[in-house]
Amino acid sequence: MLTIRQNLLETTKGGQPDRFVQQYEFLEFIREVPLSTRSFGPGQVMTTDKWGISWTWPEGQVGPMPVHDAEHTVIKDVTRWQDDVHAPAVERLQEAWAPAVALAEAVNRDEKYAAVVVAPGLFEMCHHLMGMEGAMISFYDEPDRMHELIEYLTAYELNVAGQLLEHLHPDALFHHDDWGG
């Protein structure tokens, strides 16, 4: 009988799997990385993450939602996004990484892939920072400013990916965005 990892490989290359791998069962997610920009949970009415995005997560809801009223929207004018958007620091201290390193080392890589979730994605970050309507209008009215913003967010994500690779040596980075993982 093939391992979960072997079955996935057989399936993706058109080989001879002995069963289909179910959804994400081939991934062992390492969630304890010291890079989270959010630290809140259900029942919190309002909190702000390290990007300055305000969130609400009412009790009984499946997830949080960014708040985009006049007071809490981070980017109010995309032509001046550099004044409002400041990437959080990326944790580089070895001791901060120790719990995640231990989990990554414990993954049986013959059976599964060690993976880290990188979320939100670039599109989600754009609409988290300025609201969906603001992001969509800005893509149309100010494409050059949106490209600049996306380049800035991409540079941050590449910095994060570098730290993940350096410390955890994952087999996969699961990059997630609600509009395409």
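Residues numbered from 1 in each chain as written. Predicted model: local features only at pLDDT ≥ 70, side-chain atom pairs only at ≥ 80, totals over all residues. Heavy atoms only, no water.

K.L.:
I keep staring at unusual backbone geometry and nothing clicks. Help me out?
P.N.:
What is expected of a backbone is that most residues other than glycine have negative phi and most peptide bonds are trans. In this structure, the amide linkage connecting Ala-119 to the following residue, Pro-120, adopts the cis form with an omega of 0°. Looking at the element boundaries, Pro-120 is found in the loop between β5 (113–118) and α4 (122–130). One non-glycine residue, His-169, lies in the positive phi region at around 50°. With respect to the helices and strands, His-169 occurs in the loop between α6 (143–168) and β6 (172–175). (Helix = DSSP H or I, 4+ residues; strand = E, 2+ residues; numbered from the N terminus.)

K.L.:
Sorry if this is basic, but what is going on with empty space enclosed by the protein here?
P.N.:
It is a probe the size of a water molecule, rolled over the atoms, that shows where empty space is left. Counted by the stated rule, this structure contains one cavity of 30 Å³ or more. Reported here for the largest cavity is a volume of approximately 40 Å³. Every residue along the wall of the largest cavity is listed here: Thr-37, Arg-38, Asp-49, Trp-51, Ile-53, Trp-55, Pro-120, Met-125 and His-128. Classifying every residue of the lining of the largest cavity gives five nonpolar, two polar and two charged. (1 Å grid on protein atoms, 1.4 Å probe; cavity = no way out; pocket = protein on both sides within 12 Å on 5 of 7 lines; lining within 4 Å. Points joined across faces, edges and corners; volume = space filled by probe spheres on them. Nonpolar A, V, L, I, M, F, W, Y, C, P; charged D, E, K, R; others polar.)

K.L.:
Help me out: how do you make sense of the sheet that holds strand β1 (residues 27–29) in this one?
P.N.:
Paired through their backbone hydrogen bonds, the strands of a sheet run either parallel or antiparallel. Sheet architecture is open: three strands sit in the order β1-β5-β6, paired in parallel fashion. On the outer flanks of this sheet lie β1 and β6, each paired with one strand and no other. If you compare each strand with its neighbour and ignore which way they point, the axes differ by 45° on average. Each of β5 and β6 touches α6; the most contacted strand, β5, lies at about 155° to it. (Pairing = 2+ DSSP bridges. Axes fitted to C-alpha atoms, helices over the stretch in contact; angles between N-to-C directions. Contact = heavy atoms within 4.5 Å.)

K.L.:
What exactly am I supposed to notice about the packing of aromatic side chains here?
P.N.:
Note on aromatic pairs: each is described by the distance of the centres and the angle between the planes. Counted according to the given criterion, the structure contains seven aromatic pairs. With a centroid separation of 6.3 Å and 75° between ring planes, the pair formed by Tyr-24 and Phe-29 is classed as edge-to-face. Here Tyr-24 falls in the partly exposed class, since its relative accessible area comes to 40%. Ring centres of Phe-26 and Tyr-113 lie 6.1 Å apart, and the angle between their planes is 85°; this geometry places the pair in the edge-to-face category. Of this pair, Phe-26 sits in the loop between α1 (4–12) and β1 while Tyr-113 sits in strand β5, and the two are 87 residues apart along the sequence. Each member of the pair, Phe-26 as well as Tyr-113, is classed as buried. Grouping aromatic residues by their ring pairs yields a cluster made of Tyr-24, Phe-29 and Phe-174. Sitting over the face of the ring of Tyr-113, Arg-5 holds its NZ or CZ atom 3.9 Å from the ring centroid. (Phe/Tyr/Trp six-rings, centres within 6.5 Å; stacked < 30°, edge-to-face > 60°. Buried < 20%, exposed > 50% of the residue type's maximum accessible area, 1.4 Å probe, protein only. Lys NZ or Arg CZ within 6 Å of the ring centre and 35° of its normal.)

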